[in-house]
Amino acid sequence: MDVMAYVAPSAGARLERSSITRREPGPRDVAIDIAYAGICHSDIHQAREEWGGSLFPMVPGHEITGIVTAVGADVTRFAPGDRVGVGVFVDSCRTCEACARGLESYCLNGPSPTYNGYEQDGVTPTYGGYSTHIVTDEHFVVAVPEALGLDVAAPLLCAGITTYSPLRHWNVGPGSRVAVMGLGGLGHMGLKFAAAMGAEVTLISHSPSKETDARRLGAHDFLLSSDRDAMRGSRNRFDFILNTVSANLELHRYLALLRLDGTLCNVGLPTEPLSVPTFALTGARRSIAGSNVGGCAEVQEMLDFAAEHGLGSDIEIIDAADVNEAWERVVISDVRYRFVIDAGTI
Ligand code: NAP
Ligand code: ZN
Ligand code: ZN
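(A) Looking closely at the overall build of the chain. Counting secondary structure elements, the chain contains 11 helices and 17 strands. Taking 346 residues into account, the globule formula puts the C-alpha radius of gyration at 20 Å, and the chain, at 20 Å, falls close to it. Residues classed as buried in the chain amount to 56% of the 346 residues present. Partitioning the contacts of the chain with sequence separation of at least 6, the portion at a separation of at least 24 is 68%. As displayed, the chain offers around 14000 Å² of accessible surface, 50% of which is attributable to carbon and sulfur atoms. Put simply, the chain has 27 plus and 42 minus side-chain charges, and the middle of one group is 9 Å from the middle of the other.

Laid out in structure tokens, this is it:
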């Protein structure tokens with residue numbers, strides 16, 4: 001079926017309203033009327049081809065919530081009328097070691113991204129959430145708990161799970177001293193989750209104007225990264241640092257803040273390779289790591305945790321026609337803290 005979408009025709013071009021074709025629902029598919037689509041910085045990186053290898057035309061968007069309109073004959077978990085979400089991946093091989101462990105996002109044969117990639121057949125392009133409808137295999141559809149509005153839940157499908165998953169993997173909890181770098185879409189959810197898990201959380205930002213918000217969102221302390229004295233005073237302080245920053249930074253300045261055996265986990269995906277002096281690691285047996293979104297089961301666990309703790313995203317809802325201007329504001333770190341497109345305006 002033909003549906004409307006916001007489409008990037010080529011690298012760096014403005015998004016334009018246009019029609020795309022979605023497949024008819026197959027036996028295991030769920031057809032979804034999209035209500036909201038969050039704007040992730042990854043949408044911008046990919047539409048501007050900042051990571052290389054982008055496919056055009058591109059329909060960005062992997063933070064999708066909506067209502068089920070139809071299901072295939074073999075679908076067991078969803079029915080028309082259900083409130084659902086779709087995140088960063090829409091399929092994977094289902095047989096490799098990672099898939100067998102429920103880590104579809106690390107599929108060894110390459111998961112199918114929600115956009116800017118191919119279905120598992122390797123030839124059919126995928127189109128994302130800046131659109132009125134989507135058709136997705138039920139395995140990659142999650143239930144949005146009643147306690148969460150579809151608007152504040154949308155950013156959880158990427159920003160939420162990308163921060164929740166490493167916090168869980170590195171066992172953040174009561175007694176952990178955690179720092180989150182960057183108060184944007186990912187950072188504000190990382191901050192909320194780490195605080196809800198019982199950690200003592202410090203937000204490290206390059207924006208002095210964000211201190212009040214950081215504390216309101218649960219930060220016990222705020223560090224301005226340009227304040228060299230404050231940074232020096234926090235050396236050897238944190239067990240775990242979550243780097244959500246979308247730009248390249250002098251990472252050794254942050255590694256110095258880790259305690260003995262601490263880990264700095266990167267989820268931000270800047271364009272240039274990281275450069276780290278080895279001494280910044282060896283001096284305190286520090287680790288540097290990276291993490292992707294979690295698997296399908298963990299996305300559901302994260303949504304249930306968010307509902308239980310009343311943790312939606314802080315959002316600014318926009319009309320689809322304003323998407324290009326919203327992207328410019330994301331690039332200059334001027335988003336509080338996630339733009340969400342009202343798909344009804346597409
Ligand atoms: P965002 O909303 O733009 O937030 C990024 C934050 O980084 C900004 O709010 C800002 O925080 C800080 N920042 C930006 N430019 C900076 C600079 N030049 N110097 C210092 N700090 C700067 O972006 P997002 O949607 O949260 O995404 C963040 C990154 O994660 C992106 O690179 C995105 O592609 C990546 N990502 C990765 C995954 C994954 O699976 N690993 C998933 C989703 C997104 P302050 O103003 O507080 O400093
Ligand atoms: Zn994303
Ligand atoms: Zn696999």
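(B) Just empty space enclosed by the protein, in detail. The tally for this structure, following the rule as stated, stands at two cavities of 30 Å³ or more. A volume near 140 Å³ is recorded for the largest cavity. Lining the largest cavity are 15 residues, and of these V88, F89, G294, C296 and V299 sit closest to its centre. Grouping the constituent residues of the lining of the largest cavity by class yields 10 nonpolar, four polar and one charged. Taken as a whole, the second largest cavity spans an internal volume of roughly 50 Å³. The wall of the second largest cavity is formed by N243, V245, A247, N248, L249, L251, P270 and L274.

(C) The coordination of the zinc ion (ligand 3), seen in detail. Here the zinc ion (ligand 3) is held by C93 (SG), C96 (SG), C99 (SG) and C107 (SG), and the distances to it run 2.3 to 2.4 Å. For the zinc ion (ligand 3), the four donor atoms in the first shell make angles of 104 to 118 degrees at the metal, so the coordination geometry reads as tetrahedral. The sequence motif formed by the donor residues of the zinc ion (ligand 3) is C-x2-C-x2-C-x7-C. Summarising the burial analysis for this pair, C96 and C99 share the class buried.

(D) Inspection of the coordination of the zinc ion (ligand 2) at higher detail. Protein-derived ligands of the zinc ion (ligand 2) are C40 (SG), H62 (NE2) and C158 (SG), with the metal-ligand distances lying across 2.0 to 2.3 Å. Sequence positions of the residues that donate to the zinc ion (ligand 2) give the spacing C-x21-H-x95-C. Placement of H62 in the loop between α1 (41–47) and β4 (64–71) and of C158 in the loop between α3 (150–153) and α4 (159–169) is noted, with a sequence separation of 96 residues between them. The pair formed by H62 and C158 is uniform in burial state, with each residue classed as buried.

(E) Layout of the site of ligand 1. In the neighbourhood of ligand 1, 30 residues make up the surrounding shell, with H41, S205, H206, S207 and R338 lying closest. A distance of 2.7 Å separates an oxygen atom of ligand 1 from a polar atom in the backbone of L183. Between N292 and ligand 1, the recorded distance is 3.0 Å, taken from a side-chain N or O atom to an oxygen atom. For ligand 1, whose accessible area on its own is 920 Å², the fraction buried by protein is 91%. Breaking the shell around ligand 1 down by element, the ones donating at least two residues are α1 and α5 (185–196). If you tally residues by element for the shell around ligand 1, the top one is α1, at three residues. Considered class by class, the residues forming the shell around ligand 1 number 12 nonpolar, 16 polar and two charged.

Rules behind the numbers
In this convention, every chain numbers its residues from 1, walking through the sequence in written order. Going through the entries in the order they are written, you letter the chains from A and number the ligands from 1. pLDDT decides what is reported in this predicted model: residues at 70 or higher carry local features, side-chain atom pairs at 80 or more are listed and counted, and totals for whole chains, interfaces and linings draw on all residues regardless. For side-chain calculations, the full set of non-hydrogen atoms in the structure is used, while hydrogens and water are omitted. Secondary structure counts use DSSP, requiring at least four H or I residues in a row for a helix and at least two E residues in a row for a strand, with both numbered from the N terminus. Our radius of gyration looks at C-alpha atoms and nothing else; its globule reference is 2.2 Å times the residue count to the power 0.38. The buried label applies to any residue whose accessible area, calculated with a 1.4 Å probe on protein chains only, is under 20% of its type's maximum; exposed applies above 50%, and partly exposed to all values in between. In what follows, residue pairs with any heavy atoms lying within 4.5 Å of each other are defined as contacts. Method for areas: the Shrake-Rupley scheme with a 1.4 Å probe, in which residue coverage is limited to the protein chains shown. Counted as positive: Lys and Arg. Counted as negative: Asp and Glu. His and the chain ends are not counted at all. For charged residues, the charge sits on one atom: NZ in Lys, CZ in Arg, CG in Asp, CD in Glu. Cavities and pockets are defined on a 1 Å grid built over the protein atoms alone: a cavity is a set of grid points where a 1.4 Å probe fits but cannot escape, while a pocket is an open set with protein on both sides within 12 Å along at least five of seven lines, and lining residues are those with an atom within 4 Å of any such point. Grid points are joined across faces, edges and corners, and a volume is the space filled by probe spheres set on the points. When residues are sorted by character, Ala, Val, Leu, Ile, Met, Phe, Trp, Tyr, Cys and Pro go into the nonpolar class, Asp, Glu, Lys and Arg into the charged class, and all the rest, Gly among them, into the polar class. A 2.8 Å cut-off from the metal defines N, O and S donors, relaxed to 3.2 Å for Na, K and Ca; water is not in the atom list, so some sites may appear incomplete. Angle rules define the geometry names used: all angles between 85 and 135 degrees makes four donors tetrahedral, while opposite donors over 155 degrees apart and all other angles between 65 and 115 make four donors square planar and six octahedral, leaving every other case irregular. Note on terminology: near, applied to a residue and a molecule or strand, indicates that one of the residue's heavy atoms is within 4 Å of it. We call two N or O atoms a polar contact when they sit within 3.5 Å, provided that within protein one can donate a hydrogen and the other can accept it, with sequence-adjacent residues counted only if both atoms are side-chain atoms.

Keep in mind these numbers describe shape, not what the thing actually does.
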